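# Results of the structural survey
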Amino acid sequence: MSNPQDRLNEPTLSTRGLQPENKETPISFLNTDIVPSHLFFKRNHFSYPKLTYSNYWLPINGLVKTPKIFSLQEIVKLPSKTIKVILECAGNKRSLFEPKVFGEQWEKGAISQGYWTGVSLTTLLEATGINPKAKEVLIEGYDKGKRTDKNNEYSYSRSLPLDKALDPDTIIAYEYNSQPIPFKHGYPLRLIVPNWYGMASVKWIKQISLISSEFKGPYQSIDYVYYPNKENDTDSFPVTIMNVNSTIQEPVHMEILNTGTHVIKGIAWTGAGEVSKVEVSTDHGDTWLEAEIEPTYRSYGWVSWTYEWSVYDPGEYTIMSKSTDTLGRTQPLKPFWNRKGYGYNAIDKVEVKIE
Ligand SMILES: Nc1nc2c(c(=O)[nH]1)N[C@H]1C(S)=C(S)[C@@H](COP(=O)(O)O)O[C@H]1N2
Ligand SMILES: [Mo]
């Protein structure tokens, strides 16, 4: 019989900031692969927008043949699809960079996944038609505010190149795990861009515009850009698809265990192709053995993996995990350092002591 107190012993989000609200998922303490909405990480650039839903409309304008304004009722009547998608903040694991970088010091929980339901953006664009001059689709969010480096107010807006916008799996979502999207995650409509880091999935969509040039808003020309150098902006390039990556969920860092057999457990994911293997090392990377990957339906989700570790010698151990994808990308030993701390994907590590 479980102790009734144990039912109150639930995992919670960890707070990185409250204004705006930034909180991370307890990634080691999930008991399902589908993150329930109350444990979904939160990443915001501004305070939450004030919306009046009784009057919610979605305009699509700019370089279209016929501009249209969709009501929510019209959108939910269109053919829908449900896809399992990971959202990973580009700053996930930023706290692990050496030398340290400024910004939210995310540990390993700026990632979540679940089932998103919505209408393909391309279905809406079929209704408006596309002017051949259109190059990008600009998605504007309702939230706005000042940046530390600028005097003007900006809304959270980002564009997608036309080919990614027209991918049938790029959706305007209205449900998460079969429920209306929670307000803090973008209710009533948010964009979901599978395989790209989370910044592309704009919440609280205000309007969508087709444009003929490259959008230069600060959330894509200043932030969400890899700057390989500390002192200058040379060789910078935009953050788009997720890197191949993995996280050890169990044991947790610095845990003390006894000798015997332990299940090492984790997740692995990629933003291109599929995860093809996950390898584990318990001897500082001298030898690697393949972990077992759970044969679940992946869609754009992560895979869960396990590795049975029998250990008889007391001592201190470093457990490492390394995933590889079908494009041949593998987690590096050293991360690609960049000034804003995006895309950390070095081989994952936890240390344990065996007694
Ligand atoms: N409108 C709006 N959309 C947004 C953001 C935001 O601040 N405002 N943050 C982006 C970033 S950086 C991430 S990682 C994800 C986080 O989504 P979540 O808060 O639902 O986890 O939303 C993206 N979409
Ligand atoms: Mo993010």
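Please read these numbers as outputs of a predicted model, since none were measured by experiment.

Further remarks concern the overall build of the protein. The secondary structure content of the protein amounts to 4 helices and 23 strands. Its C-alpha radius of gyration of 21 Å places the protein within 12% of the 20 Å reference for a compact globule of 355 residues. Principal axes of the C-alpha set define a box for the protein whose edges measure 70 × 55 × 40 Å. Contacts spanning at least 24 positions in sequence make up 71% of the contacts within the protein whose residues lie at least 6 apart. Accessible surface computed for the protein: about 17,000 Å², of which carbon and sulfur atoms make up 51%. Across the protein, the mean location of the 39 positive side-chain charges is 9 Å away from that of the 41 negative side-chain charges.

One open sheet holds the 5 strands; their spatial order is 4-3-12-7-8, and the pairing between them is mixed. Strand pairing shows two members of the sheet lacking a second neighbour, strand 4 (68-71) and strand 8 (153-161), which therefore form its edges. Strand-to-strand twist across the sheet, computed as the mean angle between neighbouring axes with direction ignored, equals 25 degrees. Against the sheet, helix 2 (residues 121-128) contacts strand 3 (57-62), strand 4, strand 7 (136-146) and strand 12 (205-211), and its axis sits at roughly 135 degrees relative to strand 4.

Here we take up the site of ligand 1. The local shell around ligand 1 holds 18 residues, among which Phe41, His45, Asp143, His185 and Lys203 are the closest. Here an oxygen atom of ligand 1 sits 2.6 Å away from a polar atom, N or O, in the main chain of Phe41. The separation between a nitrogen atom of ligand 1 and a polar side-chain atom of Asp143 is 2.7 Å. Here ligand 1 has 530 Å² of accessible area as a free molecule, and 100% of this is covered by the chains.

This part is about the pattern of salt bridges. Considering all chains together, one arrives at 14 salt bridges under this definition. Among the ionic pairs, Asp348 bridges to Lys108, the shortest N-O distance being 3.1 Å. With Asp348 in strand 23 (residues 348-354) and Lys108 in the loop between strand 5 (81-88) and strand 6 (111-120), the pair connects residues that are 240 residues apart, well separated along the chain. Classification of Asp348 by relative accessible area gives buried; the value is 2%. Residue classification places Lys108 among the buried positions, given a relative accessible area of 18%. Residue Lys277 is joined to Glu279 by a salt bridge in which the shortest nitrogen-to-oxygen separation is 4.0 Å. Residue Glu279 is classed as buried on the basis of its relative accessible area, which comes to 13%. Put simply, Arg147, Asp149, Asp223 and Lys340 are held in one network by salt bridges that share partners.

Looking along the chain, the bond that leaves Gln19 and enters Pro20 is cis, with omega of 0 degrees. Of note, the bond from Glu250 into Pro251 is cis; its omega dihedral lies within 30 degrees of zero at -5 degrees. For Pro251, the position within the fold is in the loop between strand 15 (245-250) and strand 16 (255-257). Phi is positive for Asn177, close to 45 degrees, though the residue is something other than glycine.

The rules we used
- Residues numbered from 1 in each chain as written.
- Chains lettered and ligands numbered in written order.
- Predicted model: local features only at pLDDT ≥ 70, side-chain atom pairs only at ≥ 80, totals over all residues.
- Heavy atoms only, no water.
- Helix = DSSP H or I, 4+ residues; strand = E, 2+ residues; numbered from the N terminus.
- Rg over C-alpha atoms; globule rule 2.2 N^0.38 Å.
- Contact = heavy atoms within 4.5 Å.
- Areas by Shrake-Rupley, 256 points an atom, 1.4 Å probe, with all protein chains shown as cover.
- Lys, Arg positive; Asp, Glu negative; His and termini not counted.
- Charge placed at Lys NZ, Arg CZ, Asp CG, Glu CD.
- Pairing = 2+ DSSP bridges.
- Axes fitted to C-alpha atoms, helices over the stretch in contact; angles between N-to-C directions.
- Near = heavy atom within 4 Å.
- Polar contact = N/O pair within 3.5 Å; in protein donor to acceptor, adjacent residues only side chain to side chain.
- Salt bridge = Lys/Arg side-chain N within 4 Å of Asp/Glu carboxyl O.
- Buried < 20%, exposed > 50% of the residue type's maximum accessible area, 1.4 Å probe, protein only.

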